[in-house]
Amino acid sequence: MKTFLNVQDLGDLRTALDEALEIKKDRFKYVELGKNKTALLVFFNNSLRTRLSTQKAALNLGMNVIVLDVNAGAWKLETERGVIMDGDKSEHLLEAIPVMASYCDVIGIRSFAGLKDREYDYAETVYNQFVKYSGKPVFAMETATVHPLQAFADLITIAEHVAPEGDASRPIKVVLTWAPHPKSLPQAVPNSFAEWMVAASKCDNLLSSPSGEAGRGIEFVITHPKGYELDPKFVGDAKVEYDQMKAFEGADFIYAKNWSCPGVTEPDKYGQILEDYHNLLDWTVSERQMAVTNNGKFMHCLPVRRNMIVTDDVIESENSLVIPEAANREISATVVLKRILVNS
Ligand code: AN0
Ligand code: CP
């Protein structure tokens, strides 16, 4: 594997899940693989989980790790070609990338969407420059449109928490719900979650029951207010239900996230908040909605704003998976780095 951006980069999901569970049982199984190899993690944006879990994953594989916070200590980088650099940016990505690449064997990139220019963001302009000019394997640690390490960790978490007593003839119902937030946020997390769940729903029997009986498929539903339609390239044929309560009925997993306008049905409002969040606080995930689920588990990638996205009671309930979900980031990153080491 030379790049990691989309679900297809990982190949067969059943194999990837098995590999994740194998690594979870023995995280240091492949500690010899990364000897004398260096991972460089480049952050253009803040991070807690990605920063720590990806470093830990590299250490599990015996790699050396260098972390660069571009906006704290490095020269400010210009990312667009053709700009007259008379502003506050001292260096261009076109020099910085090959220089960074000369010190490492694999590069992870966190570079959020600017949310101003849809075409620029959705072309993955920054990520693709790293791929083109580094000559090294590059993996996404949340780029402009995707967060695949998160989605892979989410899939592992769902696979681990399918209720053993479930009706095996029924698919597992997974619901992605929009929830309010005071700031404009990227679509990367919901894009990847949708992309990975749609791919998972195409695999028969992906989720084996813990008792080892026949596995179960996934039914995936997305709910959000009108105007927040995600890009069809990620959503595919997933069902969209605008009535949140209806979407939640019988759900086994609720995955909450805020995102700004993706600009699909509202092209001039790309990256914007469409309506004052005060009017949409009934979308906050609370016990009212969880009550109509099938004893549903609650998920969120974190960081989460309590009582905006989800109430204290729901996130603190025994059905909340936010901590094991975050812990699985170490596992997804170990699988991805391992595959890069093996195949690059
Ligand atoms: C980021 C986002 O919504 O993309 C990172 C999530 C992992 N969240 C915030 O900026 C709060
Ligand atoms: N979920 C996630 O990627 O968290 P960080 O932004 O803290 O890395």
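See the structure above.
Residues numbered from 1 in each chain as written. Chains lettered and ligands numbered in written order. Predicted model: local features only at pLDDT ≥ 70, side-chain atom pairs only at ≥ 80, totals over all residues. Heavy atoms only, no water.

Attention shifts here to the site of ligand 2. Taken together, the residues surrounding ligand 2 are Ser-47, Leu-48, Arg-49, Thr-50, Arg-110, His-147, Gln-150, Cys-301, Leu-302 and Arg-329. Between ligand 2 and Leu-48, the relevant distance is 2.7 Å, taken from an oxygen atom to a main-chain nitrogen or oxygen of the residue. Relative to its unbound accessible surface of 260 Å², ligand 2 loses 94% to contact with the protein. Taken together, the residues of the shell around ligand 2 break down into 3 nonpolar, 4 polar and 3 charged. (Near = heavy atom within 4 Å. Polar contact = N/O pair within 3.5 Å; in protein donor to acceptor, adjacent residues only side chain to side chain. Areas by Shrake-Rupley, 256 points an atom, 1.4 Å probe, with all protein chains shown as cover. Nonpolar A, V, L, I, M, F, W, Y, C, P; charged D, E, K, R; others polar.)

The next point concerns the sheet that holds strand 12 (residues 297–299). In spatial order, the strands read 10-9-8-11-12; together these 5 strands make up an open sheet with parallel pairing. A strand with exactly one partner marks an edge of an open sheet, and here the two such strands are strand 10 (239–240) and strand 12. Here strand 11 (residues 253–257) pairs with strand 12 via 3 bridges, running parallel. Within the sheet, the bridge partner assigned to Tyr-255 lies in strand 12 and is Met-299. (Pairing = 2+ DSSP bridges. Helix = DSSP H or I, 4+ residues; strand = E, 2+ residues; numbered from the N terminus.)

A ring pair, where both rings are aromatic, is described by two values, the distance of the centres and the angle of the planes. Here the structure, examined in full by the defined rule, presents 8 aromatic pairs. For the ring pair Tyr-122 and Tyr-270, a centre distance of 6.3 Å and an interplane angle of 75° mean the geometry is edge-to-face. You can see Tyr-122 sitting in helix 4 (residues 118–122) and its partner Tyr-270 sitting in the loop between strand 11 and helix 10 (287–290), a full 148 residues away along the chain. Tyr-270 matches Tyr-122 in its accessibility class, with the two residues each being buried. Ring geometry for Phe-152 versus Trp-196: centroids 5.6 Å apart, planes at 25°, classification stacked. Of this pair, Phe-152 sits in helix 6 (residues 148–160) while Trp-196 is found in helix 7 (residues 188–201), placing the two residues 44 residues apart along the sequence. The same class applies to Phe-152 as to Trp-196, namely buried. A network of ring pairs unites the aromatic residues Phe-4, Phe-152 and Trp-196 as a single cluster. (Phe/Tyr/Trp six-rings, centres within 6.5 Å; stacked < 30°, edge-to-face > 60°. Buried < 20%, exposed > 50% of the residue type's maximum accessible area, 1.4 Å probe, protein only.)

Glancing now at the pattern of salt bridges. Under the defined criterion, the tally for this structure stands at 16 salt bridges. Between Arg-339 and Glu-19 there is a salt bridge whose closest N-O contact spans 2.9 Å. One end of the pair, Arg-339, is in helix 12 (residues 322–343); the other, Glu-19, is in helix 1 (residues 13–25), and 320 residues separate them in sequence. Like Glu-19, Arg-339 is buried. Salt-bridge contacts for Glu-22 lead to Lys-29; the nearest nitrogen and oxygen are separated by 2.6 Å. Among the residues examined, Glu-22 registers a relative accessible area of 25% and is labelled partly exposed. Members of the salt-bridge network, linked through shared partners, are Glu-19, Lys-338 and Arg-339. (Salt bridge = Lys/Arg side-chain N within 4 Å of Asp/Glu carboxyl O.)

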